[in-house]
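Structure assessment
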Amino acid sequence: MSLDSHLQILNSHRFSIAPMMDCTDKHYRFMMRQITTRGLLYTEMIVAQALHYSKNINKLLDFHSSEHPISLQIGGDNPKLLSEAAKLGEEWGYDEINLNIGCPSPRVQSGNFGACLMKDPEHVAQCIDEISKHCNLPITVKHRIGVDDFDSYQILIDFVDKLSNAGAKRFSIHARKAWLKGLNPKENRTVPPLNYERVIQLKKDRPNIKIELNGGIKTIEECLKALEIFDGSMVGRAAYEHPLIWKDVDEMIYGDKRSSTKASTVLIGMLPYAEYHLKNNGKLWDIAKHLLKLVEGVPGARSWRKDLGASSQNKEAKIEVLEKAANKLIEAGL
Ligand SMILES: Cc1cc2nc3c(=O)[nH]c(=O)nc-3n(C[C@H](O)[C@H](O)[C@H](O)COP(=O)(O)O)c2cc1C
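Residues numbered from 1 in each chain as written. Predicted model: local features only at pLDDT ≥ 70, side-chain atom pairs only at ≥ 80, totals over all residues.

1. Concerning the site of the ligand
In the vicinity of the ligand there are 23 residues, among which Ala 18, Met 20, Met 45, Gly 236 and Arg 237 approach most closely. Residue classes in the shell around the ligand are distributed as ten nonpolar, eight polar and five charged. (Near = placed C-beta within 6 Å. Nonpolar A, V, L, I, M, F, W, Y, C, P; charged D, E, K, R; others polar.)

Rendered as structure tokens:
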């Protein structure tokens, strides 16, 4: 790898797209690569145990070379299985390993990992230690500011210190706590209030620890504001729901000169990729479901989405469906 591309990867976390189950699959990530070539992309969480028992690792780990820089998010609490997953991630060519200590879902809790591990920093440190023995990639951690009654500044800073000493290279902090009992995952992303002040305090007290702010960021301007303090800005829902509002990320966040991206250019950039997917027995809908979000807030948007949605859900849908959708966008100057 050249020094230039190495430096680009090191700085890529200035803007990142958060890991989101059932959203940030490889097709969505490929689409976002038409929009930003520089931001860091995260996979959906892959459970280490699932990887261990999987008969189709390719399905879980496969990604397109244009997706770099890309972070593989893994979840689990067994140091051996986590290190095995991280090693596989390295072999598959991922750029870093991200450990999920932020997910509050009941399924994840029943496996004793995700956000509930915030209560056991010693164990998380052991996991990081074990991973770093078998994997040379940077290990980063995504977590909340607290869980349940483990919710004070001191608990947060002790957690980050312990994991940093164990070798974690960056912390993506969703700036709200999680309630493990009583709130479902969706409520856990809205009900506990955002508390940026706590993360700002952490960055002030630990200026040398790399911190990526996550939670509630909706525009590039808000990312730039976060970057006045933090090393990175991580966007989740707003990147999934409104992919094209991030089209100026490369220019505004990384200072690259790029001609502005339109919905039609994104769609045209996806055509060879979609053709390849169809040739390999994939369904057009796997890809088109993400593309629907490209057009919003303009006259005709609703009918464009309706047409593309209806025709691409047909199991036999061919590439012509996307070509037709792209032509409509070109005609509309979008
Ligand atoms: C549908 C969905 C799935 C998510 N899946 C994951 C996941 O697999 N791993 C993870 O660490 N966080 C996951 N999250 C949380 C996001 O990464 C992010 O922390 C959260 O949405 C807050 O950021 P936002 O306000 O920018 O959306 C998910 C969020 C959503 C909306």
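From this point on, the discussion continues.
2. Describing the nonpolar core
Core analysis: the biggest nonpolar cluster contains 89 residues, and Ile 74, Ala 85, Ile 97 and Leu 267 have the highest contact counts within it. Inspection of this core shows a minimum of three residues originating in each of domain 1 (3-254) and domain 2 (263-331). Each residue touching Leu 267, except ones within four places of it in the same chain, is listed here: Leu 291, Leu 294, Leu 322, Ala 325, Ala 326 and Leu 329. (Core = buried A, V, L, I, M, F, W, Y, C linked by C-beta atoms within 7 Å. Buried ≥ 20, exposed ≤ 12 C-beta atoms within 10 Å, placed from the backbone. Domains from an automatic or database assignment. Contact = placed C-beta atoms within 7 Å.)

3. Regarding the pairing of strand β7 (residues 170-174)
Judged by how many residues are buried, β7 sits mostly within the fold: five of five residues are covered. Burial along β7 is two-sided: the face carrying Arg 170, Ser 172 and His 174 and the face carrying Phe 171 and Ile 173 are both buried. Relative to β7, strand β6 (residues 139-144) runs parallel, the two being bridged by five bridges. Looking at the pairing, Arg 144 lines up with His 174 of β7. Traced from β6 through helix α8 (residues 153-166) to β7, the parallel crossover comes out right-handed. Bridge count for β7 against strand β8 (residues 211-214) is four bridges, and the pairing is parallel. When the bridges of β8 are listed, His 174 appears paired with Asn 214. Regarding the hand of the β-α-β motif, the stretch spanning β7, helix α9 (residues 196-205) and β8 is right-handed. (Helix = DSSP H or I, 4+ residues; strand = E, 2+ residues; numbered from the N terminus. Pairing = 2+ DSSP bridges. Right-handed = clockwise from strand over helix to strand, strands pointing away.)

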